[in-house]
Amino acid sequence: MNISTLVPTVRPYQSYVYAYPHKTAYRPLADRPALRELWAAEPKDALSLYLHIPFCEVRCGFCNLFTRIGAPEGLVAAYLDALERQAGAVREGLGEDTRFAAAAFGGGTPTFLEAAELERLCDIAEKGMGADLAAVPLSVEASPATATADRLAVLAGRGTTRLSLGVQSFVDAEARSAVRPQRRADVEAALGRIREAGIPVLNIDLIYGIEGQTERSWRRSLDAALAWRPEELYLYPLYVRPLTGLGRKGSREPKAEWEAEWDEQRLRLYRAGRDHLLAHGYEQVSMRMFRAQGAPSTGGGDHACQTDGMVGLGCGARSYTSALHYSFDYAVDMREIRGIVDDYVSRPAADFARAEHGRPMTGDEPRRRHLLQSVLQAEGMELAGYRARFGTDPAEDFPVELAGFAARGWLDPDAAPGRLRLSPEGLAYSDALGPELFSSAVRAAMATYDLK
């Protein structure tokens, strides 16, 4: 008997796992631990630094990120003031023996800031936090409308090595369907300015599964992107989540038959996009990420996301120590986000010296996170590294989950000895595989989160 016939069918698109545990599993920390205590015994020689800007000129219909539309007069300056106060408190909490191996500006849209404000943002990272932006990889997110020549000149001059442009679709009708008002001509103009700025790595984000999208129109977007020979391409499946623009429109009714058709459409478009990029000389790094052969890597050379910490500044940023993941409060609803931003900009420096919301990384959570962060990469995970860190084998720690993955054909039987790697089908089902590694405690916390 084929064991795969005994394994329940799963939907391929359940949850985009970009971090574990998700912020909906965070809760207020009653003891509000001091950062100095949290970081005292942590390795701090290869940290990642993330600065969050919560502003966008528009909010895309699919977006559930922590971001607000626009900024009243004076709010950006007040936000940067608060970011500077936070940097001072966090750097004091980290201590002097801190080194950053990578940096990123995200959001929101960091290039919502004017050129002079971007200069100040870089100063906060360098002078406030001690990051050498000219010596480490620096990734910045941008939108076509805000990728102006003066802003790009600042970013290039301050050491930006990677710029990620959220295009989503080169087909104007699809962009409108995703509630992303933009014209292809404006996108092309922005791409031209980015190339002129000389930033080494250009990433283009595209989305599949948009209403009305076909394989032919998907190919049009892929080819339009390939014409710029981007060093990286990210292919994202469309999700429609509560409290987002598309979610409020109710354009995706929860009907089982309709959901099955949408799953089939997204899988079909994913495979077509993957095969098209592979045929054009790109290598697959994960389900979403594709890198041109010979393109420079944009990761921190000695930073490992599985083991090294991250320091986040800004009201939507997370920070990771080995024992605790923490952040400020989380929201998707515009009114709630505005309230959190307003609270953030009014805080004194002393308020930034403690962690407020988070989740302790106790029990087997570090093992789960390590496995998730590793196996969802196309290259897979070396078992020796896992054993060295935990003293066990993943097959011992997660026998049921790994057996289920193997039964579904999600594991590569031809992986090199000592390596756990997904098959092409396993990569395609990353958004189903990842959630199966969530702990019962994290699942319960996410299920009882009061969405706001």
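These numbers were taken from a predicted model, which means no experiment stands behind them.

## So, unusual backbone geometry
- Following Tyr20, the chain continues into Pro21 via a peptide bond in cis, with omega recorded as -5°.
- Structurally, Pro21 is set in the segment before strand E1 (27-28).
- Phi angles above zero are rare outside glycine, and Arg32 is one such case at about 40°.
- Accessibility expressed as a relative area gives 29% for Arg32, which makes it partly exposed.
- Phi angles above zero are rare outside glycine, and Arg229 is one such case at about 45°.
- Its place among the elements puts Arg229 in the loop between helix H7 (215-226) and strand E9 (232-237).
- For Arg229, a relative accessible area of 44% puts it in the partly exposed group.

## Side note on helix H3 (residues 115-128)
- The first and last C-alpha atoms of H3 sit 19 Å apart over 14 residues, in line with the 20 Å expected at 1.5 Å per residue.
- Turning to H3, its buried residues are Ala115, Leu118, Leu121, Cys122, Ile124 and Ala125.
- Just beyond H3, the residue with positive phi is Gly130, at close to 85°.

## Considering the side chain of Ser164
- On the secondary structure map, Ser164 appears in strand E7 (residues 162-168).
- By relative accessible area, which is 6% here, Ser164 ends up buried.
- At 2.8 Å, the side chain of Ser164 and the side chain of Asn203 are in polar contact.
- With residues near it in sequence (within four places) discarded, Ser164 still touches Val140, Glu141, Ala142, Asn203 and Asp205.

## Thoughts on the environment of Thr98
- With respect to the helices and strands, the residue Thr98 is situated in the loop between helix H2 (75-94) and strand E5 (100-107).
- For the pair formed by Thr98 and Ala46, sequence separation is 52 residues and the distance between their alpha carbons is 7.9 Å.
- In this structure Thr98 touches Lys44 and Leu47, once residues within four positions along its chain are discounted.
- There is a polar contact of 3.1 Å between the side chain of Thr98 and the backbone oxygen of Gly95.

## Quick notes on the confidence of the model for the protein
- Mean pLDDT over the protein stands at 91; residues scoring 70 or higher make up 92%.
- Every residue in residues 242-249 is under pLDDT 50, and counting partners more than four places away or in other chains gives 25 contacts.

## Examining helix H11 (residues 365-375)
- A large share of H11 lies buried, amounting to ten of its eleven residues.
- Residues of H11 that are buried: Glu365, Pro366, Arg368, Arg369, His370, Leu371, Leu372, Gln373, Ser374 and Val375.

## A word on the packing of aromatic side chains
- Here the structure, examined in full by the defined rule, presents 17 aromatic pairs.
- An angle of 80° between the planes, with centres 6.4 Å apart, marks the rings of Tyr13 and Tyr239 as edge-to-face. With Tyr13 in the segment before E1 and Tyr239 in the loop between E9 and helix H8 (245-249), the pair connects residues that are 226 residues apart, well separated along the chain.
- Note on Tyr13: relative accessible area 4%, which makes it buried.
- Residue Tyr239 is classed as buried on the basis of its relative accessible area, which comes to 10%.
- Aromatic side chains Trp410 and Tyr429 sit 5.5 Å apart centroid to centroid with 25° between the ring planes, which places their arrangement in the stacked category. In this pair, Trp410 sits in the loop between helix H14 (399-407) and strand E17 (419-420) while Tyr429 sits in the loop between helix H15 (424-428) and helix H16 (430-433), placing the two residues 19 residues apart along the sequence. In this pair, the class of Trp410 matches that of Tyr429, namely buried.
- Cation over ring: Arg369 sits above Tyr320, and NZ or CZ is 4.9 Å from the ring centre.

## Focus on the pairing of strand E15 (residues 357-360)
- Relative to E15, E1 runs antiparallel, the two sharing two bridges. Note that in E15 the partner of Pro28 across the bridge is His357.
- Relative to E15, strand E14 (residues 324-327) runs antiparallel, the two sharing four bridges. Residue pairing across strands places Leu324 opposite Pro360, the latter belonging to E15.

## What to know about the side chain of Gln373
- With respect to the helices, strands and loops of the structure, Gln373 is situated in helix H11.
- Setting aside its immediate chain neighbours within four residues, Gln373 contacts Tyr18, Cys305 and Gln306.

## Brief notes about the pairing of strand E6 (residues 138-142)
- Counting buried residues in E6 gives four out of five residues, a clear majority hidden from the surface.
- Taken together, E5, H3 and E6 form a β-α-β motif whose crossover is right-handed.
- Pairing geometry for E6 and E7, over four bridges, is parallel. By the bridge assignment for E7, Val140 is matched with Leu163.
- For the crossover that starts at E6, traverses helix H4 (residues 149-157) and ends in the parallel E7, the hand is right-handed.

## Regarding the pattern of salt bridges
- Within this structure, the stated rule accounts for 31 salt bridges.
- Residue Glu188 pairs with Arg184 through a salt bridge whose shortest N-O separation is 3.0 Å. Separated by four residues within a single helix, Glu188 and Arg184 lie in helix H6 (residues 184-197), roughly one turn from each other.
- Here Arg184 falls in the partly exposed class, since its relative accessible area comes to 33%.
- Overlapping salt bridges, with partners in common, bring together Arg32, Asp343, Arg347, Asp351 and Glu356 in one network.

About the cut-offs
One numbering rule holds for all chains: residues counted from 1, following each sequence as written. Owing to the predicted nature of the model, reporting of local features is limited to residues with pLDDT of at least 70; listing and counting of side-chain atom pairs is limited to 80 or more, with chain, interface and lining totals taken over all residues. With hydrogens and water excluded, all non-hydrogen atoms of the structure serve as input to the side-chain values. Per the convention used, a helix needs a DSSP run of H or I reaching at least four residues, while a strand needs a run of E reaching at least two, with both numbered from the N terminus. Burial classification: accessible surface area is computed with a 1.4 Å probe over protein chains only, and a residue below 20% of its type maximum counts as buried, one above 50% as exposed, and the rest as partly exposed. Given a helix with a known number of residues, its expected span is that number minus one, times 1.5 Å. Pairs of N or O atoms within 3.5 Å make up the polar contacts considered here, provided that, within protein, one atom can donate a hydrogen while the other can accept it, and that residues adjacent in sequence are counted only when both atoms are side-chain atoms. Between two residues, a contact is recorded if the distance between any of their heavy atoms is within 4.5 Å. By definition, pLDDT measures how confident the predictor is in each residue, and it falls between 0 and 100. Ring pairs are drawn from Phe, Tyr and Trp, using the six-membered ring of Trp, whenever the two centres fall within 6.5 Å, and their geometry is named by plane angle: stacked under 30 degrees, edge-to-face over 60, tilted for the rest. Charge over a ring is defined by NZ of Lys or CZ of Arg lying within 6 Å of the ring centre and within 35 degrees of the ring normal. Any two strands with at least two DSSP-identified bridges between them are counted as paired. Crossover handedness is defined here as right-handed if the route from the first strand over the helix to the second strand goes clockwise, with the strands pointing away from the viewer. For this document, the term salt bridge refers to a Lys or Arg side-chain nitrogen within 4 Å of an Asp or Glu carboxyl oxygen.

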